Amino acid sequence: MPAPSPSQGSTGVIDKLTVPLDAASDEQTEAGNYFVANYPPFSFWKPEYTGEVHEILNSPRPTDTNLGVYFHIPFCRKRCHFCYFRVYTDKNASEINAYLDAGIKEFERYSRTSYLAGRKPQFVYFGGGTPSYLSIEQLTRLTDRMKDLFPWDETEEVAFEAEPGTLTEKKLEALREIGVTRLSLGIENFDDHILEVNGRAHRSKEAFRALGFAKTLGFDQVNIDLIAGMMDETPENWERNVRTAIEQSPDCVTIYQMEIPYNTTIFKEMKESGRISAPVADWKTKRHWVDWAFNEFESAGYTVSSAYTVVKNPETTKFIYRDSLWEGADLLSAGVASFGHFGGVHYQNQADVAPYMTEVDAGGLPIFRSYRTSHEERFIREFILQLKLGHTNLAYFREKYGVDPTERFSGTLGDLQRRGYFSLEGDEVLVSREGLLQIDRLLHDFFLEQHRDARYT
Ligand code: SF4
């Protein structure tokens, strides 16, 4: 693995970024999912429960639940070695158009259900894959139809993920015109060697060019994604990355710690060569690098706003998609493999384009698996997801669920307090920096017994 190299810095920064290998050796990055994206784990969602989704879609529309709309674009220029999504790098324009038409049909079917008819989204999200892989014409046609079916005139946020190498000034202008407010650039690293060995399609020149255009076009919010611990990452390069990100002055920076799920190219190579640990930095090093980055961003005036994000101005830089979902908003999700949620019922669409298209063509909804949550599971879901923000309010849970988390989780919270990860201040549960840096690992302690050892896929 590309172990952190010995100190070479005259400033002492590299010393601070270097974790002694012996201290870190019990925390090698092994294959598997680390990130907790939802609850209960996806492996509990089943094809035999999909009737639950239709039942709720036939019920009256709720009056007190926000709605979000998500569309998934599964196309990319190239597959990154760490990618665990089902992505397609070989589809031509007519195949992509057929996919977009299927997505529109899906939205049309949802717009006719009693649960969703007439509702206007609070937020809209384009994820992938690479939404910016689409042409301007494809994007305009898609979003015009989406707006006809679920109007955006009351929408507070339109978030859009982009790969820097797919962006031109013209495409960014079109995105502004369409109504995108939060542009998220998947930069991951500013070093060309690291981008190359990790299989990214873009290079730093394209990242700087996209950032330059984005800044002049006046999006409400520009986010950049970075990953701590990519293959070949070093303390010196991580320091340069963070300093470069600060110089570029985006509104928001999201930092993920590299994980190696089973269906990645890196895992396949590990398996072939009989390796147990992945060729990336260990968890202790990654936490250390993110901690150092958070400190640097704070010194530059940023605020840590979740386990993964720093924002320049917490008053104006919100992330409505995240915050609303973590408070139980409905999410109408369309497109292959996408995850949605209506009134406590989770669902996921068919994960491959072929069955997805077949089901849409047959006139139905392409839902593959589903799960109706209990009152207790909804309470746990919101509680653990909100803890990723670094704080959560007990009164919220008493009022919404009639449950006091300090009573329900007295043992777990007490244990995490003793270990210095959590504290209580009045009605707030606060997560310490050390806790925040490994929050996904700690959240499993709040899971119901039957969900603890579940595969998170
Ligand atoms: S750009 Fe994102 S979705 Fe596409 S291959 Fe890379 S990690 Fe996967």
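None of the values given here were measured: they were computed from a predicted structure.

### Things to note about the overall build of the protein chain
A count of helical and extended segments in the protein chain gives 19 helices and 15 strands. Relative to the globule expectation of 23 Å for 457 residues, the C-alpha radius of gyration of the protein chain, 22 Å, shows essentially globular dimensions. Dimensions of the protein chain, computed from the C-alpha atoms along their principal axes, are close to 65 × 55 × 45 Å. Looking at the protein chain as a whole, 44% of its 457 residues are labelled buried.

### Quick word on the site of the ligand
Close contacts around the ligand come from Cys76, Arg79, Cys80, Cys83, Phe85, Val87, Gly128, Gly129, Thr130, Glu163 and Gly186, and that covers them all. Residue composition of the shell around the ligand, grouped by class: five nonpolar, four polar and two charged.

### Let's talk about the pairing of strand β11 (residues 345-349)
Buried residues dominate β11, accounting for five of its five residues. Residues of β11 alternate between two faces, with Val345, Tyr347 and Asn349 on one and His346 and Gln348 on the opposite face, all of them buried. Examined bridge by bridge, strand β10 (residues 339-342) and β11 share four bridges and lie antiparallel to one another. From the neighbouring strand, Gly340 faces β11, where its bridge partner is Tyr347. Linkage of β10 to β11, two consecutive antiparallel strands, is achieved through a turn of two residues, within which Gly343 is found at a positive phi near 50 degrees. Where β11 meets strand β12 (residues 367-372), five bridges bridge the pair, whose relative direction is antiparallel. Residue pairing in the sheet places Gln348 in a bridge with Arg369 of β12.

### Some points on unusual backbone geometry
Residue Pro40 follows Tyr39 across a cis peptide bond; omega there is -10 degrees. Note that Pro40 resides in the loop between α2 (21-24) and α3 (51-57). Here the residue pair Gly128 and Gly129 is connected by a cis peptide bond, since its omega of 15 degrees sits within 30 degrees of zero. Along the chain, Gly129 falls in the loop between β2 (123-128) and α5 (136-149). You will see that Glu188, though not glycine, has its phi angle at about 65 degrees, which is positive.

### Considering the nonpolar core
Proteins that are soluble and globular tend to have nonpolar side chains buried together. The biggest cluster of nonpolar side chains holds 108 residues, and the ones touching the most others in it are Phe160, Leu183, Leu185, Leu226, Ala228, Val253 and Ile384. Of the residues that make up this core, three or more belong to each of domain 1 (31-323) and domain 2 (374-451). Apart from the residues within four sequence positions on either side, Leu226 is in contact with Ile187, Glu188, Asn189, Asn241, Ala245, Val253 and Ile255. Of all hydrophobic cores here, the second largest spans seven residues; its members include Val336, Ala337, Val353 and Val360.

### A look at the domain arrangement of the protein chain
Taken as a whole, the protein chain is organised into domain 1 (31-323) and domain 2 (374-451). Taking the mean C-alpha position of each, domain 1 and domain 2 sit 26 Å from one another. In terms of residues, the side of domain 1 that touches domain 2 owes the most to one element, helix α11 (residues 283-299), which gives three residues. Of the residues belonging to the side of domain 1 that touches domain 2, the class tally is 10 nonpolar, one polar and two charged.

### A word on the sheet that holds strand β14 (residues 422-425)
Sheet architecture is open: three strands sit in the order β13-β15-β14, paired in antiparallel fashion. The two strands at the open ends of the sheet, each matched to only one other strand, are β13 (391-393) and β14. On average, adjacent strands in this sheet sit at an angle of 20 degrees to one another, irrespective of strand direction. The pairing of β14 with strand β15 (residues 428-431) spans four bridges and is antiparallel. Looking at β15, one finds that Ser423 is bridged to Leu430.

### A few points about the environment of Thr140
On the secondary structure map, Thr140 appears in helix α5. Linking Thr140 and Ile178, residues 38 residues apart in sequence, is a C-alpha distance of 6.9 Å.

### Some details on the confidence of the model for the protein chain
For the protein chain, the average pLDDT comes to 92, and 93% of its residues sit at 70 or higher. Low confidence marks residues 1-11, where pLDDT is under 50. Its contacts with residues over four positions away, or in another chain, come to 26 contacts. The low-confidence segment residues 19-25, where pLDDT is below 50, has 10 contacts with residues more than four positions distant or belonging to other chains.

### Some thoughts on the pairing of strand β5 (residues 221-228)
Within β5, seven of the eight residues are buried, which leaves it mostly tucked inside the rest of the structure. Inspection of the sheet shows strand β4 (residues 182-188) paired to β5 by five bridges, in the parallel sense. Residue pairing in the sheet places Ser184 in a bridge with Asn223 of β5. The parallel pair β5 and strand β6 (residues 252-257) is bridged by helix α9 (residues 235-248), and the resulting crossover is right-handed.

### Some thoughts on α11
Its 17 residues place the ends of α11 24 Å apart at the C-alpha level, agreeing with the 24 Å of an ideal helix rising 1.5 Å per residue. Of the residues making up α11, those classed as buried are Trp283, Thr285, Lys286, Arg287, His288, Trp289, Val290, Ala293, Phe294 and Phe297. Phi turns positive one or two residues past the end of α11, at Gly301, with a value near 100 degrees.

### Some details on the environment of Val290
Here Val290 shows up in helix α11. A count of 25 C-beta atoms within 10 Å places Val290 in the buried class. Sequence-wise, Val290 and Pro314 are 24 residues apart; in three dimensions their C-alpha atoms are separated by 19 Å. Residues contacting Val290, with those up to four places away along its chain left out, are Ala228, Ile255, Gln257 and Leu437.

### As for the packing of helix α4 (residues 93-111) against α5
The interhelical angle for the contact between α4 and α5, taken along N-to-C directions, is 5 degrees, at an axis separation of 10 Å. As judged from the angle between their axes, α4 and α5 are roughly parallel. Contact residues: α4 offers Ile96, Asn97, Leu100, Ile104, Phe107, Glu108 and Ser111, while α5 offers Gln138, Leu142, Arg145, Met146 and Leu149. A class-by-class count of the residues in the contact of α4 with α5 yields seven nonpolar, three polar and two charged.

Cut-offs and rules
- Residues numbered from 1 in each chain as written.
- Predicted model: local features only at pLDDT ≥ 70, side-chain atom pairs only at ≥ 80, totals over all residues.
- Helix = DSSP H or I, 4+ residues; strand = E, 2+ residues; numbered from the N terminus.
- Rg over C-alpha atoms; globule rule 2.2 N^0.38 Å.
- Buried ≥ 20, exposed ≤ 12 C-beta atoms within 10 Å, placed from the backbone.
- Near = placed C-beta within 6 Å.
- Nonpolar A, V, L, I, M, F, W, Y, C, P; charged D, E, K, R; others polar.
- Pairing = 2+ DSSP bridges.
- Core = buried A, V, L, I, M, F, W, Y, C linked by C-beta atoms within 7 Å.
- Domains from an automatic or database assignment.
- Contact = placed C-beta atoms within 7 Å.
- Axes fitted to C-alpha atoms, helices over the stretch in contact; angles between N-to-C directions.
- pLDDT = per-residue confidence, 0-100.
- Right-handed = clockwise from strand over helix to strand, strands pointing away.
- Expected span 1.5 Å × (residues − 1).
- Parallel < 35°, antiparallel > 145°, perpendicular 65-115°, else oblique.

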